[in-house]
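# A look at the structure
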Amino acid sequence: GIGGLLLSELMAMSADLGAAVCTLEVRLTNAAARQLYQEFGFKPVGVRPRYYSDNGEDALIMTTDRLATVPPLREILAPLAGLDPTALRITGAIA
């Protein structure tokens, strides 16, 4: 889906720009997002208590293994997003 496509591209861009890992926070109750992130190699590493101001819900901290140790990154991520890995390339940058 679109979420997987966006996540795949962001992770690929991060690796291209020299990021060592990707880390994010997700609501503990957001099972769909947590599953997506796990499919992309994110693992739970901690909790931020009362992180969300709207209801005081905790956030689960998730991170990847070192991006450089997951070669070739695009070949792993592209199928998860339903893409051909040979067709992926960065065409712009986030400003």
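In the block above lies the structure referred to throughout.
Now for a quick tour of the structure. Note that the structure is predicted; figures quoted are calculated from it, not measured.

Under the counting rule described, the total for this entry stands at 4 salt bridges. One network of salt bridges, in which partners are shared, links R27, D54 and E57.

Here the focus is unusual backbone geometry. In this structure, R50 takes a positive phi of about 50° despite not being glycine. The topology assignment puts R50 in the loop between β2 (43-48) and β3 (59-63). Accessibility expressed as a relative area gives 64% for R50, which makes it exposed.

Judged by nonpolar contacts, L7, M11, C22, L24, V26, A33, Y37, F40, F42, L60, M62 and L67 together constitute the single largest core of 12 residues. Every element with two or more residues in this core is listed here: α1 (2-16), β1 (23-27), α2 (31-39) and β3. Contact partners of F42, with chain neighbours within four places excluded, come to L7, M11, C22, T23, L24, Y37, M62, T63 and T64.

Right, let's talk about the packing of aromatic side chains for a bit. Using the criterion set out here, one finds 2 aromatic pairs in the structure. Note on Y51 and Y52: the rings are 5.0 Å apart at their centroids and 85° apart in plane angle, and the pair reads as edge-to-face. When its relative accessible area of 39% is taken as the criterion, Y51 is described as partly exposed. It is R27 that lies over the ring of Y52; its NZ or CZ is 3.9 Å from the centre.

Definitions and cut-offs
- Residues numbered from 1 in each chain as written.
- Predicted model: local features only at pLDDT ≥ 70, side-chain atom pairs only at ≥ 80, totals over all residues.
- Heavy atoms only, no water.
- Salt bridge = Lys/Arg side-chain N within 4 Å of Asp/Glu carboxyl O.
- Helix = DSSP H or I, 4+ residues; strand = E, 2+ residues; numbered from the N terminus.
- Buried < 20%, exposed > 50% of the residue type's maximum accessible area, 1.4 Å probe, protein only.
- Core = buried A, V, L, I, M, F, W, Y, C linked by side-chain atoms within 4.5 Å.
- Contact = heavy atoms within 4.5 Å.
- Phe/Tyr/Trp six-rings, centres within 6.5 Å; stacked < 30°, edge-to-face > 60°.
- Lys NZ or Arg CZ within 6 Å of the ring centre and 35° of its normal.

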